[in-house]
Amino acid sequence: MVEKGLKAVNAKVIEGKDGCRPNLCGTFEVTLADACIVPQLFNARVIGVDLERVCPALLQVEKECKDHEWFLGTEPENQPDFE
């Protein structure tokens, strides 16, 4: 089920790129839609989804987000209750 959802969102990202850098809403700024996909990719990794195969465009979105101020220090492993 996770793969099916990620494939669908990945297809929308590819469809909306129009030669621009890939993010979910087709803008040049990080949006809430982009922010929502990052934790989904983390969870997909936890359950062993092959993200390179399933959603390469979403991996690019994640890469673009990593350096944005919204995401700095938010990785699960940086949280006090991470196990």
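Residues numbered from 1 in each chain as written. Predicted model: local features only at pLDDT ≥ 70, side-chain atom pairs only at ≥ 80, totals over all residues. Heavy atoms only, no water.

1. Notes on the pattern of salt bridges
Selection criterion: Think of a salt bridge as a Lys or Arg side-chain nitrogen and an Asp or Glu carboxyl oxygen that are within 4 Å of each other. Where helices and strands are cited, they refer to DSSP runs of H or I of at least four residues and of E of at least two residues respectively, numbered from the N terminus. Note on classification: 1.4 Å probe, protein chains only; a residue is buried when its accessible area is under 20% of the maximum for its type, exposed when over 50%, partly exposed between these limits.
Applying the stated rule across the entire model yields three salt bridges. For E3, the salt bridge goes to R53, with nearest N and O atoms at 3.1 Å. Here E3 is found in helix α1 (residues 2-16), whereas its partner R53 is found in helix α3 (residues 51-54), with 50 residues between them in sequence. On the accessibility criterion, E3 (29% relative accessible area) is partly exposed. Here R53 ties to D50 by a salt bridge, and the two come within 3.8 Å at their closest N and O atoms. Residue D50 is classed as partly exposed on the basis of its relative accessible area of 38%. Shared partners join several salt bridges into a network, and the residues in it are E3, D50 and R53.

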